[in-house]
Amino acid sequence: MACNCENQDFSGENTEKLNRRNFMTRVTLGVGAFFAAVLSFPLLAAMLDPILRKKTEVWRSVGKLTDFKIGE
């Protein structure tokens, strides 16, 4: 069975023509989404940095115990 593609009627299908307005809308949305993703990366990194940063405890010498008097 051969396909007779020349006589097929596509008018009943919901095919959307890509006109200039639809093209520009899609390009604008795509570019906007790209820049939103790029600009949101530093914000997300700054928000997640305190959670993901490895916490290290550092002991600092402030003096001998005998150098500190009770009540001062």
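In this text the structure is predicted, and so the values were computed from the model without any measurement.

Before going further, it helps to examine the overall build of the protein. Regarding its fold elements, the protein presents one helix and zero strands. When the 72 residues of the protein are sorted by exposure, 0% land in the buried category. Carbon and sulfur atoms make up 63% of the accessible area of the protein, which amounts to about 8,000 Å² in all.

So, on to a nonpolar patch on the surface. On the surface, a cluster of nonpolar side chains totalling about 880 Å² of accessible area is made up of Leu18, Phe23, Met24, Val27, Val31, Phe34, Phe35, Val38 and Leu39. With respect to the helices and strands, the residue Leu18 is situated in the segment before helix H1 (20–52).

Once that is clear, we can look at the pattern of salt bridges. The final tally for this structure, using the stated rule, is one salt bridge. The partner of Asp49 in a salt bridge is Arg53, and the shortest N-O contact between them spans 2.3 Å.

Rules and cut-offs
- The numbering scheme is per chain: residues are counted from 1 as the chain's sequence reads.
- Per-residue local features are limited, in this predicted model, to residues with pLDDT of at least 70; the limit for side-chain atom pairs, both in listing and counting, is 80 or more; totals at the level of whole chains, interfaces and linings are taken over all residues.
- For the side-chain quantities, the full set of heavy atoms in the structure was used; hydrogens and water were omitted.
- Secondary structure elements follow DSSP: runs of H or I no shorter than four residues count as helices, runs of E no shorter than two count as strands, and numbering proceeds from the N terminus.
- Type-normalised accessible area, obtained with a 1.4 Å probe on protein chains alone, sets the label of each residue: buried when under 20%, exposed when over 50%, and partly exposed for intermediate values.
- Residue-level accessible areas treat just the shown protein chains as cover; the underlying method is Shrake-Rupley with a 1.4 Å probe.
- Each patch is built from residues lacking any salt bridge and having more than 30% relative accessible area; the joining distance is 9 Å for like charges and 5 Å for nonpolar side chains (Val, Leu, Ile, Met, Phe, Trp, Tyr).
- By definition here, a salt bridge exists when the distance from a side-chain nitrogen of Lys or Arg to a carboxyl oxygen of Asp or Glu is within 4 Å.

All quantities given are derived from atomic positions and should not be read as evidence of function.
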